[in-house]
Amino acid sequence: MDSDVLSPAAVAATPGADLDWWRTAVIYQVYVRSFADGDGDGTGDLAGVRSRLPYLASLGVDALWFNPWYPSPLADGGYDVSDYRDIHPMFGSLADAEVLIEEAAELGIRTIIDIVPNHVSADHPWFRAALEAGPGSPERERFWFRPGGGEAGEQMPTDWVSSFQGPTWTRTSNPDGTPGEWYLHLFTPEQPDLNWNHPDVRREHEDVLRFWFDRGVAGVRIDSAALPIKDARFPALPDSPGPGEHPHVDRDEIHDIYRAWRAVADTYEQPRVLVGEVWLEDAARFARYLRPDEMHTAFNFDFMTQPWDAAAMRASISRTLAEHAPVGAPATWVLSNHDITRPVTRYGREDSGFAFDRKRFGMPTDVERGTRRARAAALLTAALPGSLYIYQGDELGLPEVELPVELIEDPMHFRSGGVDPGRDGCRVPLPWERAGASLGFGTDDARSPWLPQPGTWAALSVAAQEADPASMLHLYRAALAHRRSDADLRAGALTWLDLGDHAIAFRRGDAFASVTNLGEGPIALPAHHSVHLTSSPLADGMLPPDSTAWLAIEPPSGESATRRTTK
Ligand code: GLC
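Residues numbered from 1 in each chain as written. Predicted model: local features only at pLDDT ≥ 70, side-chain atom pairs only at ≥ 80, totals over all residues. Heavy atoms only, no water.

Notes on the overall build of the protein chain
Point 1. Helices and strands together make up the secondary structure of the protein chain, namely 17 helices and 18 strands.
Point 2. For 567 residues, the compact-globule estimate of 2.2 N^0.38 gives 24 Å, and the C-alpha radius of gyration of the protein chain, at 24 Å, lies within 12% of that figure.
Point 3. The C-alpha extent of the protein chain, read off along each of the three principal axes, is 80 × 55 × 55 Å.
Point 4. For the protein chain, the residues scored as buried account for 58% of the 567 residues in total. (Helix = DSSP H or I, 4+ residues; strand = E, 2+ residues; numbered from the N terminus. Rg over C-alpha atoms; globule rule 2.2 N^0.38 Å. Buried < 20%, exposed > 50% of the residue type's maximum accessible area, 1.4 Å probe, protein only.)

Side note on helix H7 (residues 254-265)
Note: α-helices contain 3.6 residues per turn, so residues at a spacing of three or four share the same orientation.
Point 1. For H7, spanning 12 residues, the distance from its first C-alpha to its last is 17 Å, which sits close to the expected 16 Å at 1.5 Å a residue.
Point 2. Taken together, the buried positions of H7 are Ile254, His255, Ile257, Tyr258, Trp261, Arg262, Val264 and Ala265.
Point 3. Looking at the buried residues of H7, the elements they touch are strand S3 (110-115), helix H6 (199-213), strand S7 (219-222) and strand S8 (273-276). (Expected span 1.5 Å × (residues − 1). Contact = heavy atoms within 4.5 Å.)

What about the sheet that holds strand S5 (residues 169-173)?
Point 1. One open sheet accounts for three strands, arranged S4-S6-S5; its pairing is antiparallel. Of all strands in the sheet, those with a lone pairing partner are strand S4 (145-146) and S5, marking the two edges.
Point 2. Summarising the sheet, S5 and strand S6 (residues 179-184) pair through four bridges and their orientation is antiparallel. Across the sheet, Thr170 pairs through a bridge with Tyr183, a residue of S6. (Pairing = 2+ DSSP bridges.)

Comments concerning the pattern of salt bridges
Point 1. Within this structure, the stated rule accounts for 36 salt bridges.
Point 2. Asp76 serves as the salt-bridge partner of Arg423, at 2.9 Å between the closest nitrogen and oxygen. Of this pair, Arg423 sits in the loop between helix H13 (411-415) and helix H14 (462-466) while Asp76 sits in the loop between strand S2 (63-66) and helix H4 (94-106), and the two are 347 residues apart along the sequence. In terms of burial, Arg423 and Asp76 fall into one category: buried. (Salt bridge = Lys/Arg side-chain N within 4 Å of Asp/Glu carboxyl O.)

A word on helix H15 (residues 472-485)
Point 1. Here H15 contains 14 residues, and its C-alpha end-to-end distance of 20 Å stays within 8% of the 20 Å for a straight helix at 1.5 Å per residue.
Point 2. Of all the residues in H15, the buried ones are Met472, Leu473, Leu475, Tyr476, Arg477, Ala479, Leu480, His482 and Arg483.

Here we look at the environment of Ile408
Point 1. For Ile408, the position within the fold is in the loop between strand S11 (387-391) and H13.
Point 2. Taking the C-alpha atoms as reference points, Ile408 and Asp424, separated by 16 residues in sequence, lie 6.5 Å from one another.
Point 3. Ile408 has contacts with Phe361, Leu403, His413, Phe414, Pro421 and Asp424, leaving out every residue within four places of it along the chain.

A short note on the packing of H6 against H7
Point 1. Between H6 and H7, the shortest axis-to-axis distance is 10 Å and the interhelical angle comes to 30 degrees. Between H6 and H7, the angle is such that the two are roughly parallel. Crossing hand, H6 versus H7: right-handed. Between H6, through Arg202, His205, Glu206, Leu209, Arg210 and Phe213, and H7, the contact on the second element is made entirely by Asp256, Ile257, Ala260, Trp261, Val264 and Ala265.
Point 2. The residue inventory of the contact of H6 with H7, partitioned by class, reads seven nonpolar, one polar and four charged. (Axes fitted to C-alpha atoms, helices over the stretch in contact; angles between N-to-C directions. Parallel < 35°, antiparallel > 145°, perpendicular 65-115°, else oblique. Left-handed = near helix turned anticlockwise from the far one by under 90°. Nonpolar A, V, L, I, M, F, W, Y, C, P; charged D, E, K, R; others polar.)

Let's talk about the packing of helix H12 (residues 367-382) against H15
Point 1. Viewed as axis vectors pointing N to C, H12 and H15 meet at an angle of 10 degrees, and their least axial separation amounts to 10 Å. Here H12 lies roughly parallel to H15, going by the angle between them. Taking contact as the criterion, the partners of Thr371, Ala374, Arg375, Ala378, Leu379, Thr381 and Ala382 in H12 are, on H15, Met472, Leu475, Tyr476, Ala479 and Arg483.

Quick notes on the side chain of Asp486
Point 1. Relative to the helices and strands, Asp486 is located in the loop between H15 and helix H16 (487-491).
Point 2. In this structure the side chain of Asp486 is engaged in a polar contact, spanning 2.9 Å, whose partner is the side chain of His482.
Point 3. At 3.1 Å, the side chain of Asp486 and the backbone nitrogen of Leu489 are in polar contact.
Point 4. Not counting chain neighbours up to four residues away, the residues in contact with Asp486 comprise Phe512 and His532. (Polar contact = N/O pair within 3.5 Å; in protein donor to acceptor, adjacent residues only side chain to side chain.)

Comments concerning the pairing of strand S1 (residues 26-30)
Point 1. Summarising burial for S1: five of the five residues are buried, a large majority.
Point 2. Every second residue of S1 is oriented toward a common face, with Val26, Tyr28 and Val30 on one face and Ile27 and Gln29 on the other, all of them buried.
Point 3. Taken together, the four bridges between S1 and S11 define a ladder with parallel strand orientation. Among the inter-strand pairings, Val26 is bridged to a residue of S11, identified as Leu388.
Point 4. Looking at chain direction, S1 and S2 are connected through four bridges and run parallel. When the bridges of S2 are listed, Val30 appears paired with Phe66.

Points about the site of the ligand
Point 1. Around the ligand sit 14 residues in total, of which Asp76, Asp223, Glu277, His338 and Asp339 are the nearest.
Point 2. The side chain of Asp223 places a nitrogen or oxygen atom 2.8 Å from an oxygen atom of the ligand.
Point 3. A distance of 3.2 Å separates an oxygen atom of the ligand from a polar side-chain atom of Ser224.
Point 4. Summarising the interface, the protein chains cover 96% of the accessible area of the ligand, which totals 310 Å² for the free molecule.
Point 5. Among the residues forming the shell around the ligand, the class breakdown is three nonpolar, four polar and seven charged. (Near = heavy atom within 4 Å. Areas by Shrake-Rupley, 256 points an atom, 1.4 Å probe, with all protein chains shown as cover.)

Re the nonpolar core
A general trend in soluble globular proteins is that nonpolar side chains are found buried together.
Point 1. Residues Tyr28, Trp69 and Trp212 are the most contacted members of the largest nonpolar core, which totals 138 residues.
Point 2. Looking at this core, the element that brings in the most residues is H12, giving seven residues.
Point 3. Residues Trp144, Leu186, Phe187 and Met412 belong to the second largest nonpolar core, which totals 11 residues. (Core = buried A, V, L, I, M, F, W, Y, C linked by side-chain atoms within 4.5 Å.)

Observations regarding the sheet that holds S8
Point 1. The parallel open sheet is built from eight strands, whose spatial order is S9-S8-S7-S3-S2-S1-S11-S10. Each having just a single partner strand, strand S9 (297-298) and strand S10 (332-334) make up the two edges of the open sheet.
Point 2. The pairing of S10 with S11 spans three bridges and is classified as parallel. What sits directly across from Thr332, in S11, is Ser387.
Point 3. Across the face of the sheet, H15 comes into contact with S1 and S11 while running at roughly 160 degrees to S11.

Thoughts on the pairing of S6
Point 1. Among the six residues that make up S6, five are buried, leaving the element largely enclosed by the rest of the structure.
Point 2. Where S4 and S6 come together, two bridges link them in antiparallel fashion. Looking across to S6, one finds that Arg146 is bridged to Trp182.
Point 3. In sequence, S5 turns back onto S6 through a hairpin of five residues, with Gly177 there showing a positive phi of about 90 degrees.

Here's what the structure looks like:
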């Protein structure tokens, strides 16, 4: 057996035999660089995650999703991967990852890792070889090298626009120093796009999946999953492309990739799970990724981008459930991630929805109101049918941090000409303790965290919140514990309750109800036996604004009521 072959322990590293675990799972997103620093160098690492596994178990999560943890020059926070079969030395070693996967599994927690099919790092051996080998070489065929337009090839081959703003092509130099071909990168120049028409690219990714699945990884989160296939004729961007007509988004051929990946995932006795990062407005096109032989789930960004508004959020929930139903896939509920303004900040702003192009420095924010709403949103999303994602630190109610510009590393900031603060403000290292140089992120003698934590975060630290029964952390823990033990909440169908324009209210199964008040004044709750949980204290039995209550209610009537009494 060579080192690529799994240990018996790793084979068993996917806990439990519940093959449908992903349908209702609570998945906690770990941004390793900012979670916990085990070796004191100011950067989070796998040793840090291992030391905090008991915390994650006590929170009650079913799985961890790790942002890319591979060797990388970090031109885009690790989404520029130079070696898929290793761990960034800053985070630890492959052996550390194997132990982490096993230790998590022993606590009943599965591991999901990030796979980035659209591009690799410019530092990846394939891209280096392609640059070296020069125009017309087979090495260049794994990427998209093209001659430029204009008399001297000085014009970019297409007018395609980067997801990070700015150009999508960078010109290379020939070995003799003269200007050469251009290569395509939908993100930064340090992230060259792969050519998915090339068999090496397909084979390599399937091998990488097996590499990690064999180590007990329970699933993969697929980065920028709608982008990898390009129209190889490289047409100009059409004004309003119809379904499947965009030259590099959601092309029909993309589904073959995920069908092949699903086949790999299904060869395991405990089938591995595919979760897509699919940003598409067209609900029908989105659902196509979730057909039974493709991905298991995909992130539901529609809900996350909605403003704090009952009608908008209710419509998004209905839309989401309706679009998933025909393909039999569960919805996912996501309040944020490592790319998105933290909910506490977002919901405390006048413009409480989310769009990348609306991010600015210095937007007025009412953090107290945002926190109240984020608590209400946490209960609301945890009560919806499907799986739930929690981005690290949201369970502590951390706000977005406005960092001094000289500390920002995110390319989105630079490529916007400095207008967009970028995404580092939601990637600030977690506060664990009330005191100490890094609030327990690292040991006391550790180097300063790679991004500075605001002093006010002492009060938001895990230690501070453990001691406060009214804290966000206690709310999350209670909600997840309840979600686990309440059969209606886990499996019951959703039925809307009408409590007026400003409420989002629904029953799950027979005897559970969730009510969120998005209006200006308190609202009366429907008849109930007891209150399981509220995000803010009730006032004279009324639900205050910006709050959610979970209730034990009377079963409707008739058959289901009878069924309930015999439970
Ligand atoms: C995804 C990631 C984001 C990254 C981009 C390019 O959207 O979530 O962080 O910058 O893909 O890989």
